[in-house]
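Residue-level structural notes
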Number of protein chains: 2
Amino acid sequence: MELVNKRMTKQKRVILDILRNTDTHPTADWIYEQARKVLPDISLGTVYRNLGVLTETGQIMELNYGSSYSRYDGNPNNHYHSVCLKCGRVKDLEMPLHKELEKEVETLNCDKVLYHRLEFYVICQSCQQKEKDKK
Amino acid sequence: MELVNKRMTKQKRVILDILRNTDTHPTADWIYEQARKVLPDISLGTVYRNLGVLTETGQIMELNYGSSYSRYDGNPNNHYHSVCLKCGRVKDLEMPLHKELEKEVETLNCDKVLYHRLEFYVICQSCQQKEKDKK
DNA sequence: GTAGTTGCAAACTTTTTGCTACCCA
DNA sequence: TGGGTAGCAAAAAGTTTGCAACTAC
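**Some details on the protein's contact with DNA strand D**
Lining the immediate surroundings of DNA strand D are 21 residues, of which A:Arg7, A:Thr9, A:Gln11, A:Thr46 and B:Tyr48 lie closest. Protein-adjacent atoms of DNA strand D, using a 4 Å cutoff, are sugar or phosphate at a proportion of 66%. A distance of 2.4 Å separates a base nitrogen of DNA strand D from a polar atom in the side chain of A:Arg7. In this structure, A:Thr46 approaches DNA strand D through a side-chain N or O atom, which is 2.8 Å from a phosphate oxygen. Elements with a minimum of two residues in the surface near DNA strand D: helix H3 (44-56) of chain A together with helix H3 (44-56) of chain B. Per-element tally for the surface near DNA strand D: the top contributor is H3(B), with four residues. Residue composition of the surface near DNA strand D, grouped by class: six nonpolar, nine polar and six charged.

Take a look at the structure:
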């Protein structure tokens, strides 16, 4: 948090690689399982500690959409997500940021807006299909 | 969840009253403490169970903004929030819903959008003031 | 009367932390 | 070489659940 030196360890690098090479918005536990394939002795505590550090330094994003556990996103640039209410899958949305919303709030409120988060709760196509098949 | 009959118990009524008479977006634990002032024998499990039922039936909203615990909102109608990054206070925003954002996603994506959530991360006025005072 | 609900406590899940040994800069 | 970091395990924090007794409808 403070102005402490952060080191690049092999554990941190592996975690970052995993996150940058998936678009599944994984949980800490999934990342731990993947990391163990490369570093069998890595501990879950280390995964959590590094996810914390990487979030603080802005290299990844922490998401928590309705569930009791966090998900992580290797893309640190603000973007929007959709969450399927049936299957829980989190998807990146390729739509431009609506920065004007922040202006709207600042005008309304006098609070200083640093960023915003927007997510859409959906029934994804494949879950829609499954519902149709049932009938 | 299913088509089960739900009963109105005194515990549920008290919880609902508490939520409707605050704008602080409280945690389950805070609600429990308040409820105990009226019903000293109420248990935390009952609070959680009722918060779950009330959320399912759409009478309240569950929020979880970055923290490890949920907050609850007695206003079940979709509205936006701002969260102060310094003091953590959650505030209701009196701004109209941007339904057109949902259209944008449906066009982009073919998923069916049920609702969306938008929150703004801010430094609130009083925290801005405190920072100024330090200097 | 009876099925949904309660209080209690134990269990569960996810995340954090204390400690010693280790290793990156 | 020194201080940030790892591994391990225990603990914390938040939430869920099994069960017998109770109560709203």
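**Side note on the layout of surface pockets**
Computed from the structure, the second largest pocket encloses a volume of approximately 810 Å³. Secondary structure elements with two or more residues in the lining of the second largest pocket: strand S3 (80-84) of chain A together with H3, strand S1 (61-63) and strand S5 (112-123) of chain B. Element by element, the count of residues in the lining of the second largest pocket is highest for H3(B), at three residues. Taken together, the residues that form the lining of the second largest pocket break down as twelve nonpolar, eight polar and four charged.

**Quick word on the packing of helix H2 (residues 28-38) of chain B against H3(B)**
All names here are of chain B. Remark: H2 packs on H3, axes separated minimally by 10 Å, with the N-to-C direction vectors making an angle of 120°. For the element pair H2 and H3, the recorded crossing hand is right-handed. In this structure, H2 uses Ala28, Asp29, Ile31 and Tyr32 to contact H3, whose residues at the interface are Leu44, Val47, Tyr48 and Leu51. Considered class by class, the residues forming the contact of H2 with H3 number seven nonpolar, no polar and one charged.

**Examining the environment of A:Arg49**
Take A:Arg49: it is sitting in helix H3. With 49 residues separating them in the primary sequence, A:Arg49 and A:His98 have C-alpha atoms 32 Å apart.

**Points about the protein's contact with DNA strand C**
Taken together, 21 residues surround DNA strand C, and among them A:Tyr48, A:Ser70, B:Arg7, B:Thr9 and B:Thr46 come closest. A share of 67% is what sugar and phosphate atoms reach among the atoms of DNA strand C within 4 Å of the protein. With respect to DNA strand C, the side chain of B:Thr9 contributes an N or O atom lying 2.8 Å from a phosphate oxygen. Take B:Ser43: an N or O atom from its main chain is 3.2 Å from a phosphate oxygen of DNA strand C. Mapped onto the surface near DNA strand C, the elements with two or more residues apiece are H3 of chain A together with H3 of chain B.

**Looking at the environment of A:Val90**
Residues and elements named next belong to chain A. Looking at the secondary structure, you find Val90 in strand S4 (residues 90-93). Separated by 64 residues in the primary sequence, Val90 and Pro26 place their C-alpha atoms 9.2 Å from one another. For Val90, the residues in contact, after removing those within four places along its chain, are Asp23, His25, Leu63, Tyr65, Arg71, His81, Ser82 and Val83.

Criteria and cut-off values
- Residues numbered from 1 in each chain as written.
- Chains lettered and ligands numbered in written order.
- Predicted model: local features only at pLDDT ≥ 70, side-chain atom pairs only at ≥ 80, totals over all residues.
- Heavy atoms only, no water.
- Near = heavy atom within 4 Å.
- Polar contact = N/O pair within 3.5 Å; in protein donor to acceptor, adjacent residues only side chain to side chain.
- Helix = DSSP H or I, 4+ residues; strand = E, 2+ residues; numbered from the N terminus.
- Nonpolar A, V, L, I, M, F, W, Y, C, P; charged D, E, K, R; others polar.
- 1 Å grid on protein atoms, 1.4 Å probe; cavity = no way out; pocket = protein on both sides within 12 Å on 5 of 7 lines; lining within 4 Å.
- Points joined across faces, edges and corners; volume = space filled by probe spheres on them.
- Axes fitted to C-alpha atoms, helices over the stretch in contact; angles between N-to-C directions.
- Left-handed = near helix turned anticlockwise from the far one by under 90°.
- Contact = heavy atoms within 4.5 Å.

Geometry only, nothing functional implied.
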